[in-house]
Structures are given as C-alpha cells and as structure tokens.
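# Secondary and tertiary structure notes
Take a look at the letters that make up each chain.
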Amino acid sequence: MLKINKTINLNGTSEINGQVVVYMNASISTDGTTNANINKNISNQELYNANKVSVRADMSAFEEEVYKIEDELNSDNVSRKAGK
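Please read these numbers as outputs of a predicted model, since none were measured by experiment.

Let us look at the overall build of the protein. Counting its regular elements, the protein contains two helices and three strands. Sequence-ordered secondary structure for the protein, helices as α and strands as β, is β-β-β-α-α. Within the protein, residue pairs in contact and separated by at least 24 positions form 44% of the contacts whose partners lie at least 6 positions apart. When the accessible area of the protein is evaluated, it comes to approximately 6,100 Å², of which 46% is carbon and sulfur surface.

Next up, the structure:
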C-alpha cells in the first residue's frame, strides 16, 4: 500500500555583515501528527561568539515561525476532523 507524507520545509540563515553565521532548516509534517524537526548549524563560530544576542534572536524568530506553521496545520487538521 502506498503512503505519501507531505512536509513543509523551511530554510533560514542568520547573517552578520553579509556573512552567514548560522544555517537553520525545519521540516514540518502536514498531517499534524508529529512535531517539527528543527536543525541549526553554526558556520562561523567566531562571528557567532561575537554576536550571540542577535544571532540567538534570529534563531528564536525562526523557531517561532516554525511553531506558527505547526499550530496552523494542527488547527486545520482539528477543524477537518470535526467536520467529518
């Protein structure tokens, strides 16, 4: 039996003076049954250490966007189930 899972993928970067400090990506299942998978990779440790406050704010904003989409999907799935 074929089973197809749809996901939404988000990609982001935190940059300082045009240089990428952190790469971020997330994968969110559209069926709302699993939590998002969020990954962060520091690509420039020196810039990260010197700019932790702003880089961490970017990482937090990325996570908030992921959670927002996750919550929207969950609400949509709950509404569809209630309508059945």
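Glancing now at the nonpolar core. By size, the foremost hydrophobic cluster in this structure holds 16 residues, and its most contacted members are L10, V21, V22, I28, V55 and V66. Of all elements in the fold, only strand 1 (7-16), strand 2 (19-29), helix 1 (45-50) and helix 2 (52-83) reach the threshold of two or more residues within this core. Ranked by residues supplied to this core, first place goes to helix 2 with six residues. With residues up to four places along the chain from it excluded, the contact list for I28 reads K6, T7, I8, L10, A36, V66, I69, E70 and L73.

Let us now look at the pattern of salt bridges. Under the criterion given, the structure shown has two salt bridges. Linking K40 and E63 is a salt bridge whose minimum nitrogen-to-oxygen distance equals 2.3 Å. On the criterion of sequence distance, the pair formed by K40 in strand 3 (residues 37-42) and E63 in helix 2 is long-range, its members being 23 residues apart. Of the charged contacts in the structure, one is a salt bridge between E65 and K68, with a shortest N-O distance of 3.9 Å. Linking E65 with K68, this pair stays in helix 2, spanning three residues, or about one helical turn.

So, on to the environment of I69. Along the chain, I69 falls in helix 2. For the pair formed by I69 and A36, sequence separation is 33 residues and the distance between their alpha carbons is 9.5 Å. Excluding residues that lie within four positions of it along the chain, I69 makes contacts with I8, L10 and I28.

Sheet architecture is open: three strands sit in the order 1-2-3, paired in antiparallel fashion. Looking at the sheet topology across the chains shown, the edges are occupied by strand 1 and strand 3. Between one strand and the next, the sheet's axes are offset by a mean angle of 15°, whatever the strand orientation. In terms of strand pairing, strand 2 meets strand 3 through six bridges, oriented antiparallel. Paired with A26 across the bridge in strand 3 is I38.

Reading guide: rules and limits
Residues numbered from 1 in each chain as written. Predicted model: local features only at pLDDT ≥ 70, side-chain atom pairs only at ≥ 80, totals over all residues. Heavy atoms only, no water. Helix = DSSP H or I, 4+ residues; strand = E, 2+ residues; numbered from the N terminus. Contact = heavy atoms within 4.5 Å. Areas by Shrake-Rupley, 256 points an atom, 1.4 Å probe, with all protein chains shown as cover. Core = buried A, V, L, I, M, F, W, Y, C linked by side-chain atoms within 4.5 Å. Buried < 20%, exposed > 50% of the residue type's maximum accessible area, 1.4 Å probe, protein only. Salt bridge = Lys/Arg side-chain N within 4 Å of Asp/Glu carboxyl O. Pairing = 2+ DSSP bridges. Axes fitted to C-alpha atoms, helices over the stretch in contact; angles between N-to-C directions.

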